[in-house]
Amino acid sequence: MPDFLSALRTVPDFPKPGIAFKDLTPVLADPALFSALLGRLVEPWTDAGITHVVGIEARGYWLGPAIADRLGAGFVPARKPGKLPAATLRETYDLEYGRDALELHADDLPSAARVLVHDDVIATGGTARAACRLVEAAGATVAGISFAVEIAFLKGRATLPDVPIDAAIEV
Ligand code: AMP
């Protein structure tokens, strides 16, 4: 297995004091690591019957569409409020300070969809949880949840729905 962990950059106090930001850009910029990470992220789901990948704005768009393509699945963006042009579903979630929300086009997922939710990093799990609620609100099924990086000590995984969860790089 390539050494993703060595290439992952930790930026202290970004975007605010006290946050150790996990920066994937050096992994993505290296052609061999990028390809290997994609392969690693796709591998657990090849026989899971995934029909769609829902990627979370914004860094869930770095790898989500490529994962979808390798799985032969569609890609559906979960976006910040007011960005999607057609009729949307919305789920709000708590942040450290205040609240945020994610939206999904109401008609992007057929009810038979088996969805893989993807984001770059799981910290407390609130963002991915909101994305899962959106998929369910659309009448589709969350078949799994995928992260490039898991910040394990925050135990966000334990707050997610009871479906298979994969993270390629644990920190
Ligand atoms: P959470 O909802 O707490 O799991 O936070 C996950 C979301 O915030 C993801 O969309 C991440 O991109 C971002 N995020 C939170 N903490 C970090 C971190 N330490 N490094 C990079 N991204 C983070």
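Whatever comes next refers back to the structure up there.
If you're wondering where the values come from, they're calculated on a predicted model, not measured in any experiment. (Residues numbered from 1 in each chain as written. Predicted model: local features only at pLDDT ≥ 70, side-chain atom pairs only at ≥ 80, totals over all residues. Heavy atoms only, no water.)

Draft legend 1. Region of the structure containing unusual backbone geometry. Put simply, Phe14 and Pro15 share a cis peptide bond, and its omega is 0 degrees. Looking at the secondary structure, you find Pro15 in the loop between β1 (9–12) and β2 (20–23). A positive phi angle, close to 60 degrees, is found at Asp13, a residue other than glycine. With respect to the element layout, Asp13 can be found in the loop between β1 and β2. Phi is positive for Lys155, close to 60 degrees, though the residue is something other than glycine. (Helix = DSSP H or I, 4+ residues; strand = E, 2+ residues; numbered from the N terminus.)

Draft legend 2. A look at the pattern of salt bridges. Across all of its chains, the model carries 8 salt bridges by this definition. Across the salt bridge formed by Glu103 and Arg90, the nearest N and O atoms sit 2.7 Å from each other. Here Arg90 lies in strand β5 (residues 88–94) and Glu103 lies in strand β6 (residues 99–105), a separation of 13 residues in the sequence. Residue Glu103 is classed as buried on the basis of its relative accessible area of 5%. Residues Glu150 and Arg157 are paired through a salt bridge, measuring 2.9 Å at the closest nitrogen-oxygen approach. Note on Arg157: relative accessible area 34%, which makes it partly exposed. (Salt bridge = Lys/Arg side-chain N within 4 Å of Asp/Glu carboxyl O. Buried < 20%, exposed > 50% of the residue type's maximum accessible area, 1.4 Å probe, protein only.)

Draft legend 3. Examining helix α5 (residues 126–137) more closely. Compared with an ideal rise of 1.5 Å per residue, which puts 12 residues at 16 Å, α5 spans 16 Å between its outermost C-alpha atoms and is within 8% of the ideal. Of all the residues in α5, the buried ones are Gly126, Ala128, Ala130, Ala131, Cys132, Leu134 and Val135. Contacts from the buried residues of α5 go to β3 (52–56), β5, β6, β7 (114–122) and β8 (141–150). Once α5 finishes, Gly139 follows within two positions and takes phi at roughly 90 degrees, a positive value. (Expected span 1.5 Å × (residues − 1). Contact = heavy atoms within 4.5 Å.)

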